Amino acid sequence: MVSKPLVIVESPAKARSIGKFLGKSYTVKASRGHVRDLPKSEPGVDTENGFATKWEQIKDRSPVLEDLRKDLLSAETLYLATDSDREGEAIAWHLVEALIGPDGKRKKAYEDLDIKRVVFHEITAAAIEEAFANPSQIDPHQVDAYKTRRILDRLMGYQLSPLLWKKLARGLSAGRMQSVAVSLVVQRER
């Protein structure tokens, strides 16, 4: 079997478009967005242990991840072509963690896998060719920014949401953005 590089993008539509430019020598698949998140039933952040996070696979992403794992077994190179923003960088990081193993501890099947990050800002032949000619690595600073945002969302939400349920209505949620709005309202009332 001939090994084809695996390219992972976020959306199926983008996978089809990029696949047309790259041709049959690449396998292009979609992650359908994030594949992991903090658990819904608990904060998932250990404030006593350096804000360690507990990431869980998103339930409806299991078939997507299984399909990607199958393609990955026959690939020598993995290209992560998620969006160029913080969320895209986080999705790329989550994909590596979910597919290959956490914190760079690779499963034996992926020991020799070459992982590359490609970024383009438009879906044109020239932009894709340029991106694949100049791959990089996942940006740890962008990933850290994403983690910080998620941790703040979670910690603020778990503290403010119960207050909203008690004072306003059950089912409301608050995070880092809503907490600023609540603070502004309180300051104005005072």
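Residues numbered from 1 in each chain as written. Predicted model: local features only at pLDDT ≥ 70, side-chain atom pairs only at ≥ 80, totals over all residues. Heavy atoms only, no water.

Asks: Looking at this structure, how should I read the overall build of the chain?
Replies: Secondary structure assignment for the chain yields 6 helices and 8 strands. The order of helices and strands in the chain, counted from the N terminus, is β-α-β-β-β-β-β-α-β-α-β-α-α-α. Sorting the 190 residues of the chain into buried and exposed places 39% on the buried side. Taking all contacts inside the chain whose residues are at least 6 apart in sequence as the whole, residues at least 24 apart take part in 57%. Accessible area for the chain stands at about 11500 Å²; split by element, carbon and sulfur atoms hold 53% of it. (Helix = DSSP H or I, 4+ residues; strand = E, 2+ residues; numbered from the N terminus. Buried < 20%, exposed > 50% of the residue type's maximum accessible area, 1.4 Å probe, protein only. Contact = heavy atoms within 4.5 Å. Areas by Shrake-Rupley, 256 points an atom, 1.4 Å probe, with all protein chains shown as cover.)

Asks: How should helix α5 (residues 140-167) be read in this particular structure?
Replies: Given 3.6 residues to a turn, an α-helix orients residues that are three or four positions apart in the same direction. With 28 residues, α5 ought to run about 40 Å at 1.5 Å a step, and its terminal C-alpha atoms sit 40 Å apart, in line with that. Turning to α5, its buried residues are Val143, Tyr146, Arg149, Arg150, Ile151, Asp153, Arg154, Leu155, Gly157, Leu160, Ser161 and Leu164. Of the residues that open α5, the one with a side-chain oxygen 2.9 Å from the backbone nitrogen of His141 is Asp139. (Expected span 1.5 Å × (residues − 1). Polar contact = N/O pair within 3.5 Å; in protein donor to acceptor, adjacent residues only side chain to side chain.)

Asks: Would you mind showing me how to read the nonpolar core here?
Replies: If you look at the biggest cluster of nonpolar residues, it comprises 19 residues, and the most contacted ones within it are Leu78, Leu95, Leu99 and Ile100. Every element with two or more residues in this core is listed here: β1 (6-9), α2 (62-73), β7 (77-80) and α3 (86-99). Top element by residues in this core is α3. It accounts for 6 residues. Ranked by size, the runner-up nonpolar core spans 15 residues in total, among them Val7, Ile128, Ala131 and Phe132. (Core = buried A, V, L, I, M, F, W, Y, C linked by side-chain atoms within 4.5 Å.)

Purely geometric numbers; function is a separate question.
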